[in-house]
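# Topology and contacts: notes
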Amino acid sequence: MAKAKIAVLVSGGGTNLQALIDAEKSGALKSGSIRLVISNKKDAFALERAAKAGIEALAITRKSCGGQEGFEKRLTEEIENRGIDLIIMAGFLSILSEDFTSHFDHRIINIHPSLIPSFCGKGFYGLTVHEAALEKGVKVTGATVHYVNEIPDGGEIIMQKAVEVKDGDTPEILQRRVMEEAEWVILPAAAEKICAEMAGGGNAETERSK
Ligand code: GRF
């Protein structure tokens, strides 16, 4: 495999998508190429980031597909039609069924804004994660990249980075620090690690088959 083909699933502002785009441009992400961005929200600013970077971007809503099954069928078609190798959930807030995650076993990764197993699972996303961390009074939090399976935030951990909680932090201030110091660092790094394994693995296969 020359470069692994990446699809990024988004729902909102797309700052993690932007980190991936910037990493590909700088060469930090060199074993993978972002080929497709899919948002489940028509108005996601992430779609504008993709367009500005010249990346094909689709808005696919559950409603327009007649429900969850049709939504996942459409996602699968768009992903498979482009020969995508790695799916990256970057601020993607839609539930995916076990059928979908098992169909793409070990080919979907997600960025979660805490050090899993803390503050994760059903209902923990976006600001609620940081509210819970401040409520608990932890002195260290951070972000985690993990494989996606049928359990929310339950797949194997790939990479983590710790971030200090400071006196006077609000959920918004803490969220920003975790994004800047952890999410935007480990998501591109984890993507490069996995794409290199996929590309390297592919080459190894062709080597063996000679
Ligand atoms: C971030 O808090 C991220 O950790 C979570 O979704 C939020 C928005 O991410 N996964 P983005 O700016 O849309 O990438």
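See the structure shown above.
All of the points below concern the structure found in this document. These numbers come from a predicted model, not from an experiment.

Attention now goes to the pairing of strand 1 (residues 4–10). With six of seven residues buried, strand 1 is to be regarded as a mostly interior element. In terms of strand pairing, strand 1 meets strand 2 (residues 32–39) through seven bridges, oriented parallel. For Leu9, the partnering residue across the bridge sits in strand 2 and is Ile38. Pairing geometry for strand 1 and strand 4 (residues 86–89), over four bridges, is parallel. Paired with Leu9 across the strands is Met89, a residue of strand 4.

Glancing now at a negative patch on the surface. A surface patch of like charges, here negative, comprises Glu69, Glu98, Asp99 and Glu150. You can see Glu69 is positioned in helix 3 (residues 68–81). Owing to a relative accessible area of 72%, Glu69 belongs among the exposed residues under this scheme.

Definitions and cut-offs
- Residues numbered from 1 in each chain as written.
- Predicted model: local features only at pLDDT ≥ 70, side-chain atom pairs only at ≥ 80, totals over all residues.
- Heavy atoms only, no water.
- Buried < 20%, exposed > 50% of the residue type's maximum accessible area, 1.4 Å probe, protein only.
- Helix = DSSP H or I, 4+ residues; strand = E, 2+ residues; numbered from the N terminus.
- Pairing = 2+ DSSP bridges.
- Patch = residues over 30% accessible without salt bridge, like charges linked within 9 Å, V, L, I, M, F, W, Y side chains within 5 Å.
- Areas by Shrake-Rupley, 256 points an atom, 1.4 Å probe, with all protein chains shown as cover.
- Salt bridge = Lys/Arg side-chain N within 4 Å of Asp/Glu carboxyl O.
- Lys, Arg positive; Asp, Glu negative; His and termini not counted.
- Charge placed at Lys NZ, Arg CZ, Asp CG, Glu CD.

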